[in-house]
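Residue strings, one per chain:
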Amino acid sequence: MCGIAGLIHKGKSSNVGSEMTAMLQALKHRGPDSTGFAVYGEPTEGDYIMRVKCAEREDMESGRGFTEVLHKRIADVEALLAEHKAVVKAKEQATAYALRYLISHDGDTEDMARHIEELEGVEILSLGNGLELIKDLGDAAVVSDTYGLGDFQGTHGIGHTRMATESDVDIRSAHPYWAFPYNDVSVVHNGQITNYWIKRRQMEQKGHRFMSNCDSELLAVYTADNLANGVSLEESLKRSIDEIDGVFTYLVATKDQLGMAKDTMAAKPLVLYESDDLIAMASEEVAIRAILPEEIDTTDPYDEEVRVWQA
Amino acid sequence: MAGVTDSELQAMTQEQRVEALGLTTEQLFGRSLLIEFNPDEEERYTYPWAPDVFYNKRVEIDTDGLTTTELNNKMRAAMEEGNGTIVIKNPRGMHSVGVGILNRLTLEVEGSLGYFAVGLIDGPNVRIKGRVGWSCGENMMSGTVVIEKNAGSTFGAAIRGGDLVCRGSVGSRTGIDMKGGTIIVGGDTGALSGFMMQRGRMIVCGNAGKNLGDSMYDGTIFIGGDIKSLGVDAVHAELTDLDKAWLTRKLQQYELMPDKGVDHFHKIVAGKQLWNYDNLEPNEKKLIL
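Residues numbered from 1 in each chain as written. Chains lettered and ligands numbered in written order. Predicted model: local features only at pLDDT ≥ 70, side-chain atom pairs only at ≥ 80, totals over all residues.

Examining the overall build of chain A
Consideration 1: If you tally the helices and strands in chain A, you get eight helices and 15 strands.
Consideration 2: With the principal axes as the frame, chain A shows a C-alpha extent of 55 × 40 × 40 Å.
Consideration 3: Here chain A, with 311 residues, has 49% of them falling under the buried criterion.
Consideration 4: A sequence separation of at least 24 residues applies to 73% of the contacts in chain A between residues at least 6 apart. (Helix = DSSP H or I, 4+ residues; strand = E, 2+ residues; numbered from the N terminus. Buried ≥ 20, exposed ≤ 12 C-beta atoms within 10 Å, placed from the backbone. Contact = placed C-beta atoms within 7 Å.)

Structure representation (structure tokens):
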């Protein structure tokens, strides 16, 4: 089933971390397997925020010997950062396997990212100027608490509660998805993509990387590919209605925009609230009410509807 | 089809077969439809186990801190105590509220509800001041439900009787599989509204999305605005004086009468080209089944 949610404050920052946590916790019944957040703070021009995962949760239960493996992986990541002349300005470690680096880097960031992901068991969850992508097993409250998301200030964010249907219960199959070559893009999706393998092969032929077998990752790669080729977010969303088969409602966030698209059947839900300074959307109204308890007017976007909002 | 033999059916025209098999809106039967058309029959309004309630006995229930089950149990307890008017406060999009109410009741919801609001009801009069999520009034048998704001998709799915009214706009697949009753929408409706509709009537004052009335068996859809496209086997029909009188009565009843009246409404019915019922199948197959 899965639950998706997103919000964007127009022209101001807010406590997006706690707001997204409240919205996703209200959607817990739609998917208890994993929870993910993509939240956007003030862009750090010139610097990059890199979120990296060096193991799956199940790896951590594979015995004491794995700790050494994990330490080696982390050391290898940092060695590669140094090799690519990236300066680590700050390092945070929320769990034994999840790290956040604030780096400055003048070189080819995509090339550096590809080298890092060549390390066994290492996946870059996000890389960008404003994006912080956090995902792990458990409900929204647990993940938010583990990663200290409650105090996060930002302009917008999207999130996902996952009920695994197409792939395993693990972090690599959790949403949101990020994809290079376009920094700061993230996607959450509720639905099934039926031409996944065809489109995946097309994207792989273009040189794009897939880190999971989850159909939702395709939407991130597809969107990143479009944006990197100069296609606007709105146009990319519109094209997806024709080019992606299946039933889907998905949200896309970039450094300063938030967009939504619904398939031709309108088979997956989305409830939308719009005011002058806040746009909030979720699979169910209960999620919006978690941050707006007062009486509000909401609507359901129709089939093939595409919307984009600016922060 | 009691009393009609296979040979008699075979000798009939398609129209006659339809009538003999009770497959048209002209041959209504069933409990919920009898309620609509025989309001004087007191015993049809109540189930033997339904509590006696009094409309002037009123109770307010605040949903804060309650689960859906606790809220619905509180409502049932209130009805057992004779309360004929229940007011729900602060629902904030809660799911499955008021499901399965099978007796007379005035239910006022001061806010919005989530999925499956007042589904499977038979008898109550409901007013929801906010909006509702997906599948409001699903399988409703009788009574009236009025939503002041918008509604989600599958509004009135498989409804069998009563009036289900949304003053705002509704999502997709409105009245999917509806088998009776009336759905009234003040605004627009989404794609595939009336999909596989079997009986009943739907009125939409605004526009309709694509594939309206797709694969509908019977029933009637009235659209006041534009229709993006008709579904398979849905066709336009002439709006009769009887239709206009009925539309006027229903829309005035719920204060949704358009300024320009009802003359501009489109009437959509089943083309009945997809019909292929068992009465046309050979006896050998019936014996096997």
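Moving on from the model shown.
Notes on the domain arrangement of chain A
By a widespread convention, an interface's size corresponds to the accessible area lost as its parts come together.
All names here are of chain A.
Consideration 1: Domain parsing of chain A yields domain 1 (3-43 + 156-310) and domain 2 (44-129).
Consideration 2: Taken residue by residue, the interface counts 13 residues in domain 1 and 15 residues in domain 2.
Consideration 3: Residue classes in the side of domain 1 that touches domain 2 are distributed as six nonpolar, two polar and five charged. (Domains from an automatic or database assignment. Nonpolar A, V, L, I, M, F, W, Y, C, P; charged D, E, K, R; others polar.)

Side note on the environment of T85 of chain B
Residues and elements named next belong to chain B.
Consideration 1: In this fold, T85 is placed in strand β2 (residues 83-89).
Consideration 2: Given 18 C-beta atoms within 10 Å, T85 falls into the partly exposed group.
Consideration 3: Residues T85 and G98, spaced 13 residues apart in sequence, show a C-alpha to C-alpha distance of 13 Å.
Consideration 4: If we ignore the near neighbours within four places in the chain, the residues touching T85 are Y55, K57, R58 and T106.

With respect to the sheet that holds strand β13 (residues 271-274) of chain A
For sheets, the rule is that strands pair by backbone hydrogen bonds, running either parallel or antiparallel.
All names here are of chain A.
Consideration 1: One open sheet accounts for six strands, arranged β7-β2-β8-β1-β14-β13; its pairing is antiparallel. Each having just a single partner strand, β7 (131-137) and β13 make up the two edges of the open sheet. Looking at each pair of strands side by side, their axes are set apart by 5° on average, direction ignored.
Consideration 2: Bridge count between β13 and strand β14 (residues 278-282): four bridges; the pairing is antiparallel. Bridge pairing in β14 links E274 to I279.
Consideration 3: Lying on the sheet, helix α1 (residues 16-26) is in contact with β1 (3-9), β2 (34-40), β8 (156-162) and β14; it crosses β8 at an angle near 30°. (Pairing = 2+ DSSP bridges. Axes fitted to C-alpha atoms, helices over the stretch in contact; angles between N-to-C directions.)

As for the interface of chain B and chain A
Consideration 1: Contacts between chain B and chain A engage 19 residues on the former and 15 residues on the latter.
Consideration 2: Along the lines of polarity and charge, the residues of the side of chain B that touches chain A split into three nonpolar, 13 polar and three charged.

Points about the nonpolar core
Consideration 1: Ranked by internal contacts, the top residues of the largest apolar core, which has 151 residues, are A5, M23, A220, L251, A282 and A287 of chain A together with I203 of chain B.
Consideration 2: A per-element tally of this core places helix α6 (residues 216-228) of chain A first, with seven residues.
Consideration 3: Once you skip the residues sitting within four places of it in the chain, I203 of chain B turns out to touch I184, V185, F222, L247, K250 and L251 of chain B. (Core = buried A, V, L, I, M, F, W, Y, C linked by C-beta atoms within 7 Å.)

Digging into the packing of α6 of chain A against helix α7 (residues 233-243) of chain A
All names here are of chain A.
Consideration 1: Remark: α6 packs on α7, axes separated minimally by 9 Å, with the N-to-C direction vectors making an angle of 135°. One finds that α6 runs oblique with respect to α7. Handedness of the α6/α7 crossing: right-handed. Of the residues in α7, those touching α6 at Y222, T223, N226 and L227 are L233, S236, R239 and S240.
Consideration 2: Its residues placed into classes, the contact of α6 with α7 shows three nonpolar, four polar and one charged. (Parallel < 35°, antiparallel > 145°, perpendicular 65-115°, else oblique. Left-handed = near helix turned anticlockwise from the far one by under 90°.)

Thoughts on the pairing of strand β4 (residues 122-128) of chain B
Residue and element names in this part refer to chain B.
Consideration 1: A large share of β4 lies buried, amounting to five of its seven residues.
Consideration 2: When strand β3 (residues 106-110) meets β4, the two strands line up parallel, connected through four bridges. Residue E108 lies in a different strand from β4, and its bridge partner there is R127.
Consideration 3: Across five bridges, the pairing between β4 and strand β5 (residues 142-147) is parallel. For V126, the partnering residue across the bridge sits in β5 and is V145.

Focus on the sheet that holds strand β5 (residues 98-104) of chain A
Residues and elements named next belong to chain A.
Consideration 1: Read across the open sheet, the four strands follow the order β4-β5-β3-β6; overall the sheet is antiparallel. Strand pairing shows two members of the sheet lacking a second neighbour, β4 (87-93) and β6 (123-128), which therefore form its edges. Neighbouring strand axes in the sheet, compared pairwise and without regard to direction, differ in orientation by 20° on average.
Consideration 2: Across seven bridges, the pairing between strand β3 (residues 47-53) and β5 is antiparallel. Counterpart to D47 in the pairing with β5 is S104.

Description of α1 of chain A
Consideration 1: The buried fraction of α1 of chain A is high, at eight of eleven residues.
Consideration 2: For α1 of chain A, the secondary structure elements touched by its buried residues are β1, β2, α4 (140-146), β8, β14 and α8 (285-289) of chain A.

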